[in-house]
Amino acid sequence: MPRRTATLLASTLMLIALLCAGVLIPVPYSEMSPGPTVNTLGDHNGEPVLQISGRKTYPTSGNLNMTTVRVTGPDYNMNLFEAVYGWLDPSSAVVPHKTLYPEGQTAAQADQQNAEEFTQSQESAKVAALKQLHIPVATQTVVGAVVKGKPADGVLHAGDVIKAVDGNEVQQTGDVAKFVTRHKPGEKVVFTLIPAKDAAAAEKQGKRPEGPQKQVAITTAADSGRAVVGIQAQADHTFPFTIDVKLADVGGPSAGLMFALGIVDKLTPGGNLTGGRFVAGTGTIDDQGKVGPIGGISMKTIGARDKGAEFFLTPKENCAAAAKDTPSGLRLVKVGTIGDAVQALEKIRKNDLAGLPSCSPAGR
């Protein structure tokens, strides 16, 4: 065989081998890309995203779009070609798999976590919105979960309403851990509570759970030198009217801010916080209205701009990353609380854009 032919054949075989390797060899990366955006003031799949009953609502206009990110699942293994293509595509991001999914997490576990975070974000959005509007929300502390094998296992149950610890009234969720950790491991702590079944029966009748109360003594165990009983306390809210979020196939906590703003807009006399403008955004929110950072900010700004957004409400902790590659025509608005966001929307509605807090140094 002539040397030239042999060299060509060897090169061809090596190229085929490299192509096969690129297709067959998995790499430890996942891809993120812009996902759907949904107007919280509008309809999705034929029904309103936000449904409020038992309270007067007001007409709204414009857009308050929540934004999402598409990601490859925890069980999907990208190949080398897919990773390289993703790296070259400016509208996607390829990141180490472990930054999105803890090691060993299955698709079912990831879906469950996202669903739980989404549900919690809705609750916090409702609380933050009503507090912004000075509408009272009744809050109590309940047992959210009991850790198997810990002292509370079989003694306390999910849904138990915690009224006091060692006779100290529980006024907020953090009080439970504060009172328990005053003890040394091995000491007894006394919980005053309303059992979950009694609390559920009262709520079915539209009443606040007030009794009967019982006391339970639990011997604490040691965890990193601290006294624990093995429960997760969480806030449980009773709203003065019904607020439902009708949105399927979405997970995670990052839509909290936009849900809260949608609720505020619908419950505000005169409404129309946006003045008819197209505003999108993202951000977690807690019961006090504090806006927290999220992942995939650049993917969300791209998705928002592609749908026509003019303004993007951006958590202040995400501002630096978002400002590095802002899509043309999109103005980033920095927010730290729901109050900041409402004030920014007021400026947008009045077209008073000079005073908008911006993520970019130039204030674009």
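Heads up: these notes are all about the structure in this document. (Residues numbered from 1 in each chain as written. Predicted model: local features only at pLDDT ≥ 70, side-chain atom pairs only at ≥ 80, totals over all residues. Heavy atoms only, no water.)

What about the overall build of the chain?
Then, number 1: From N to C terminus, the chain includes 10 helices and 20 strands.
Then, number 2: Buried positions account for 42% of the 364 residues belonging to the chain.
Then, number 3: Sequence-distant contacts, at least 24 apart, represent 74% of the contacts inside the chain between residues at least 6 apart.
Then, number 4: Total accessible area on the chain is roughly 18,900 Å²; 52% of this is exposed by carbon and sulfur atoms. (Helix = DSSP H or I, 4+ residues; strand = E, 2+ residues; numbered from the N terminus. Buried < 20%, exposed > 50% of the residue type's maximum accessible area, 1.4 Å probe, protein only. Contact = heavy atoms within 4.5 Å. Areas by Shrake-Rupley, 256 points an atom, 1.4 Å probe, with all protein chains shown as cover.)

Concerning helix α7 (residues 256–267)
Then, number 1: The end-to-end C-alpha distance of α7, which contains 12 residues, comes to 17 Å, matching closely the 16 Å that a straight helix rising 1.5 Å per residue would cover.
Then, number 2: Within α7 the residues assigned to the buried category are G256, L257, M258, F259, A260, L261, G262, I263, V264, D265, K266 and L267. (Expected span 1.5 Å × (residues − 1).)

Section: the environment of V245
Then, number 1: Inspection of the secondary structure assignment puts V245 in strand β15 (residues 242–245).
Then, number 2: The contact partners of V245, leaving out residues within four places of it in the chain, are V49, L50, Q122 and F259.

Topic: the pairing of strand β20 (residues 331–335)
Then, number 1: Counting buried positions along β20 gives 4 out of 5 residues, so the element sits mostly inside the fold.
Then, number 2: Running through helix α9 (residues 319–324), the crossover from strand β19 (residues 311–315) to the neighbouring parallel element β20 is right-handed. (Right-handed = clockwise from strand over helix to strand, strands pointing away.)

A closer look at unusual backbone geometry
Then, number 1: The backbone of H134 sits at a positive phi, close to 60°, despite the residue not being glycine.
Then, number 2: Within the secondary structure, H134 sits in the loop between α4 (107–132) and β7 (138–146).
Then, number 3: The backbone of S224 sits at a positive phi, close to 55°, despite the residue not being glycine.
Then, number 4: Assignment of secondary structure puts S224 in the loop between β12 (221–223) and β13 (226–228).

A short note on the nonpolar core
Then, number 1: Core analysis: the largest hydrophobic core is formed by 44 residues, its most contacted members being L130, L257, F259, L261 and L313.
Then, number 2: Secondary structure elements with two or more residues in this core: β4 (50–53), β5 (63–71), α4, β15, α7, β19, β20 and α10 (338–349).
Then, number 3: Broken down by element, the residue count for this core peaks at 8 residues, all from α7.
Then, number 4: Contact partners of L261, with chain neighbours within four places excluded, come to L64, L273, L313, I338, A341, V342 and L345. (Core = buried A, V, L, I, M, F, W, Y, C linked by side-chain atoms within 4.5 Å.)

Structural notes on the packing of α7 against α10
Then, number 1: Here α7 crosses α10 at 60°, and the two axes come no closer than 11 Å. By the angle between their directions, the pair α7 and α10 is classed as oblique. The element α7 and its partner α10 pack so that their crossing is right-handed. Residues L257, A260, L261 and V264 of α7 form the contact with α10, whose own contacting residues are I338, A341, V342 and L345. (Axes fitted to C-alpha atoms, helices over the stretch in contact; angles between N-to-C directions. Parallel < 35°, antiparallel > 145°, perpendicular 65-115°, else oblique. Left-handed = near helix turned anticlockwise from the far one by under 90°.)

Considerations on the state of the cysteines
Then, number 1: Going through the model one piece at a time under the given rule, you end up with 1 disulfide.
Then, number 2: Here C319 connects covalently by a disulfide to C359, the sulfurs 1.9 Å from one another. One disulfide, between C319 and C359, carries an S-S torsion of -50° and so falls in the left-handed class. A residue pair is termed long-range when its members are at least 10 positions apart, and C319 in helix α9 and C359 in the segment after α10 qualify at 40 residues. Like C319, the residue C359 is buried in the burial classification. (Disulfide = S-S within 2.5 Å.)

Thoughts on the environment of A280
Then, number 1: Within the secondary structure layout, A280 lies in strand β16 (residues 278–281).
Then, number 2: Spatially, the C-alpha atoms of A280 and L313 are 6.3 Å apart, while their sequence positions differ by 33 residues.
Then, number 3: When residues no more than four places from it in sequence are discounted, the contact partners of A280 are N65, T67, M258, A304, A309, F311, F312 and L313.

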